[in-house]
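# Understanding the architecture of this molecule
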Amino acid sequence: MFGIDIPLPDFWVVYFFIFWVLVGSTAAPVVFRHKGHHPLIGIVVGAAVGALSGIAFTLLLAALQPLADLLDDPLASILVSIVVSAAIILALLAFVRRFVPESGGAGPRAVEAAGGPRAPVTYSARVDKVDPGWQSVQALRASVVIMLAGLTLIPVIWMAMTAFKSYPDAVASPPKVVFDPTLEGIVTLMTKRRNLDSAQIAEYEARDDLNWADRIMLKSGKAIIGQSDYVKRLRNSLIIAGTSTVLSVSMGLLAAYAFSRFRVPGEGDLLFFILSTRMLPPVVVTIPIFLMYRELGLYDTHLGLIALYTAFNLSFSVWLLKGFIDEIPKEYEEAALVDGYTRLQAFRRIVMPEAVTGIAATTVFCFIFAWNEYAFALMLTTDKARTAPPHIPSMIGSGVVEWAAIAAGSLFFLIPVVIVTFALRKYLLRGVTFGAIRQG
Amino acid sequence: MATIELINVEKKFGDVHAVKPMNLTVRDGEFVVLLGPSGCGKTTTLRMISGLEAVTGGQILLNGRDVTWERPSDRDIAFVFQFFALYSHMTARENIAFPLQAQGERREVVRQRVEDVSRLLRMEHVLDVRPGALSGGDQQRVALARALVRHPAAFLMDEPLGALDADFRETMRAEIKRLHIDQHATTVYVTHDQIEAMAMGDRIVVMSDADVQQVGTPAEVYHDPANLFVARFIGSPGMNLVPGRYVRGVLHLAEGATYKVPDAWAPSLDAATRGDGDLILGFRPEAATVGVDSAIPATVYATDLHGGYTMLHLELGNNTIIHARTTREAKYAINTPVRFDLDPAMVRFFDPATEAAIIPEVRA
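So, here's what we can say about the structure. Keep in mind the model is a prediction, meaning the values are calculated, not measured.

Quick look at the pattern of salt bridges now. Should the charged atoms of two oppositely charged side chains come close, the side chains can pair. A full pass over the atoms with the stated rule returns 32 salt bridges over all chains. We note a salt bridge from Glu 170 of chain B to Arg 173 of chain B, for which the minimum N-O separation is 3.9 Å. With Glu 170 of chain B and Arg 173 of chain B both in helix H5 (residues 166–183) and 3 residues apart, this pair spans about one turn of that helix. Owing to a relative accessible area of 48%, Glu 170 of chain B belongs among the partly exposed residues under this scheme. Using a relative accessible area of 14% as the deciding quantity, one classes Arg 173 of chain B as buried. Through salt bridges with shared partners, a single ionic network connects Lys 192, Asp 229, Lys 232, Arg 233 and Asp 383 of chain A.

Here you go:
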């Protein structure tokens, strides 16, 4: 699209360049604001300081190259460069803090004059009361967290990038960071194609009823002849994981409520029995289950996988939800019972809203398990009910490996989990209960 | 409003009685306090009246209607829990409206009644706040409002002030008492705080060991305890109890001290001991007056000033410490020998074997 073609520069150079710029541009504004300047100046100065440190890092790494060659280990030179460049940026920031002049009406003396604390504090709602050194440390911590998060996200980002690469870009060595994005991988993923000879290509190019996908494929001499299996697999995954999650959470909620609230004979034994279904590695029972499913006609059916995943998740959801329901004081329901509600109404109107955090957490975990499950899906399905996890590796198959299509398949596979977790994040993060019943 | 009758109501867990068969009638508009130490069965009794706990024997009548096996929701009672049990996912307004929604009231009616009750409790300003953000006192008001809003036949309250700070408890106590008078609502109130019970109750039911010890007005349980438990439990400090041997009109206390019993008591004590036997003398701290030529010798063990009065701790022989009230100005050095007298109208006697109070014949 843009005809860009730049090979991957050294990873560590980029990473630490960004890191130091981030550190500089978050830590320096604190000093500048404290001394009464506009924080924007701080951001600019900080970014410059960071860039200087990044350049120092690059130069050090190059200078230490002979050492790395000598030791046959690049790690030592990288570590030395990190430490030295860190010392440089800290020294530069200290220099900025020491020698930037104070401008009127701000600064520590002004805070004290305004009746603020004599010694700067480490926590306050008022930013001018907080020790600037402490604020810089906070900024530094935030930068480290952001960069570590970035480091862990690199494989996912790389996958997302590969999904938009053309075949030559995807297999290029050295790998490309900046490339010409294309939808080729996604179209390959979604369609069945056949190769065309040059006469057919010419014939196709003459047609005017081609859509954008057809045109993309035509560039590599292929014609789309139908939808690929991937869409079907993804739909199967959604149906199976969604249904089994709903089933296992709702059944688990009722069972957990009963275990939590009523005197169930043999409660401890029953709970242990439920838990014991988790003690065996699932793979151990694939063959017996395969034989049972073949006899029962559940082989390669949606119902079969739904039942299996529900059974596996149920033990988990009963135990997890029981913990959450135990946390809800029984006076909540008793109040509702006295106020004129039946037990079922009290359950729906009081227990379920109060347990929403637990329900959300259980839903996410059950969904992730059912969504990612590979071994059973591989053994117990062939086509009709096959889910995405066993399908994606099968795309490697023989001949040319369509890395872009595989990456696109994995990317689309990620999206539902991200959506579910994102939609429920509010409940996942919220405290279990915020104190309407006072304990004590 | 309503009367509540308990007829031989009992609760057993296995073979253990949580509440021994008990009879109690709560009259229309009465404020009855169930008082006792923790684990005495008072909360279980309350929960049986509400229907949250099933009885294992006996009958519960509400306005003459047998509700023993009816569901809590069909009994037309309101329950205020110790820790309020406010729903944290609803605002105060929704909490208060919750019981009305169960009855399927129309929206305007619900709103009107929530406004009315919140005006009564002076809490309109907190209606749209969630319980988690409310102070203890406002949470208490929301809980009370939720009980009041339905105009139930009876209120059951399980230590509603137990979760509040000490200074605020006084205010809320007055508020609940005032509310009871205004609403003329039949109320059963559980507490372990005898001061609270004395202050609030029309009648007090003193419970211990799953059994009713005494039912009476605050004055009755204070001045005429039915047995040693009530004598010790009511009052702060409790009744002074001094063991002695009764021989023909004179009670011989430890170390040669004697107390001549009032003439009015002599016939009944003669009858109880057949003229010669062990007794326990009981009197309240305010019944003892220290004087120069008084009858009973003792030594000062300790004194403490309680603001309005001084509490003297006197040691009789035999390591028995008794408490006596004197004026604020009275000053006694420790170990001073003193003598004291008892107000003849305020002494009581107990049988050490049965622990029951001896009832004077003139009053019986």
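For the rest of this paragraph, the subject is the sheet that holds strand E19 (residues 337–342) of chain B. Residue and element names in this part refer to chain B. Here 5 strands make up an open sheet; going across it, the order is E15-E19-E16-E17-E18 and the pairing antiparallel. One side of each edge strand has no neighbouring strand; the edge strands of this open sheet are strand E15 (288–290) and strand E18 (321–326). Between one strand axis and the next, the sheet turns by 50° as a mean value, whatever way the strands run. Of the pairings in the sheet, the one linking E15 to E19 comprises 3 bridges and is antiparallel in character. Bridge assignment links Thr 289 to a residue of E19, and that residue is Asp 341.

Residues and elements named next belong to chain A. Topologically, Thr 26 is positioned in helix H1 (residues 11–34). For Thr 26, a relative accessible area of 30% translates into the label partly exposed. Residues Thr 26 and Ala 139 lie 113 residues apart in sequence; the distance between their C-alpha atoms is 5.6 Å. Excluding residues within four positions of it along the chain, Thr 26 makes contact with Ala 139 and Ser 143. A distance of 3.3 Å separates a polar atom in the side chain of Thr 26 from a polar atom in the side chain of Ser 143.

All names here are of chain A. A cluster of nonpolar residues, Phe 11, Trp 12, Leu 90, Leu 140, Val 144, Leu 148, Leu 151 and Ile 154, forms a patch on the protein surface that exposes about 620 Å² of accessible area. Of all the secondary structure elements, the ones that give two or more residues to the nonpolar patch are H1 and helix H6 (132–163). Looking at which element gives the most residues to the nonpolar patch, the answer is H6, with 5 residues. When you line up the elements, Phe 11 lands in helix H1.

A word on the nonpolar core. A general feature of soluble globular proteins is that nonpolar side chains tend to end up buried together. Within the largest apolar cluster, 51 residues are counted, with the highest numbers of intra-cluster contacts made by Ile 4, Leu 6, Tyr 87 and Val 188 of chain B. What Ile 4 of chain B contacts, discounting residues up to four positions off in sequence, is Leu 24, Thr 25, Val 26, Ile 49, Leu 61, Leu 62, Ala 154, Thr 186 and Val 188 of chain B.

All right, on to the packing of H1 of chain A against helix H4 (residues 74–99) of chain A then. All names here are of chain A. Where H1 meets H4, the closest approach of the two axes is 11 Å, and the angle between their N-to-C directions is 20°. Here H1 lies roughly parallel to H4, going by the angle between them. In the packing of H1 onto H4, the handedness of the crossing is right-handed. Counting all contacts with H1, which are made through Trp 12, Phe 16, Trp 20, Val 23, Gly 24, Ala 27, Ala 28, Val 31 and Phe 32, the residues of H4 involved are Ile 78, Ile 82, Ser 85, Ala 86, Ile 89, Leu 93, Val 96 and Arg 97.

One number sums up the size of the largest pocket: a volume of about 570 Å³. Across the lining of the largest pocket, the residue classes tally to 7 nonpolar, 3 polar and 10 charged.

Another aspect to go through is unusual backbone geometry. Residue and element names in this part refer to chain B. Across the junction of Ser 236 and Pro 237, the peptide omega takes the value 0°, indicating a cis bond. Within the secondary structure layout, Pro 237 lies in the loop between helix H8 (228–233) and strand E11 (240–247). Even without being glycine, His 184 reaches a positive phi, approximately 50°. Here His 184 is to be found in the loop between H5 and strand E8 (186–191).

Further remarks concern the interface of chain A and chain B. Across the contact, 24 residues belong to chain A and 28 residues belong to chain B. Of the charged contacts, one joins Arg 47 of chain B and Glu 334 of chain A as a salt bridge, the two residues approaching to 2.6 Å between their closest N and O atoms. Put simply, the parts of the chain that give the side of chain A that touches chain B at least two residues each are helix H15 (330–338) and helix H16 (343–354) of chain A. For the side of chain A that touches chain B, the element with the highest residue contribution is H15 of chain A, accounting for 8 residues. Its residues assigned to classes, the side of chain A that touches chain B comprises 11 nonpolar, 6 polar and 7 charged.

Attention now goes to the pairing of strand E7 (residues 154–158) of chain B. All names here are of chain B. In terms of burial, E7 is a largely internal element, 5 of the 5 residues being buried. Side-chain alternation along E7 places Ala 154, Leu 156 and Asp 158 on one buried face and Phe 155 and Met 157 on a second face that is also buried. When strand E6 (residues 77–80) meets E7, the two strands line up parallel, connected through 4 bridges. In the sheet register, Phe 79 faces E7, and the bridge partner there is Leu 156. Strand direction decides the pairing type here: E7 and E8, joined by 5 bridges, are parallel. Looking at the pairing, Met 157 lines up with Tyr 189 of E8.

What counts and how
- Residues numbered from 1 in each chain as written.
- Chains lettered and ligands numbered in written order.
- Predicted model: local features only at pLDDT ≥ 70, side-chain atom pairs only at ≥ 80, totals over all residues.
- Heavy atoms only, no water.
- Salt bridge = Lys/Arg side-chain N within 4 Å of Asp/Glu carboxyl O.
- Helix = DSSP H or I, 4+ residues; strand = E, 2+ residues; numbered from the N terminus.
- Buried < 20%, exposed > 50% of the residue type's maximum accessible area, 1.4 Å probe, protein only.
- Pairing = 2+ DSSP bridges.
- Axes fitted to C-alpha atoms, helices over the stretch in contact; angles between N-to-C directions.
- Contact = heavy atoms within 4.5 Å.
- Polar contact = N/O pair within 3.5 Å; in protein donor to acceptor, adjacent residues only side chain to side chain.
- Patch = residues over 30% accessible without salt bridge, like charges linked within 9 Å, V, L, I, M, F, W, Y side chains within 5 Å.
- Areas by Shrake-Rupley, 256 points an atom, 1.4 Å probe, with all protein chains shown as cover.
- Core = buried A, V, L, I, M, F, W, Y, C linked by side-chain atoms within 4.5 Å.
- Parallel < 35°, antiparallel > 145°, perpendicular 65-115°, else oblique.
- Left-handed = near helix turned anticlockwise from the far one by under 90°.
- 1 Å grid on protein atoms, 1.4 Å probe; cavity = no way out; pocket = protein on both sides within 12 Å on 5 of 7 lines; lining within 4 Å.
- Points joined across faces, edges and corners; volume = space filled by probe spheres on them.
- Nonpolar A, V, L, I, M, F, W, Y, C, P; charged D, E, K, R; others polar.

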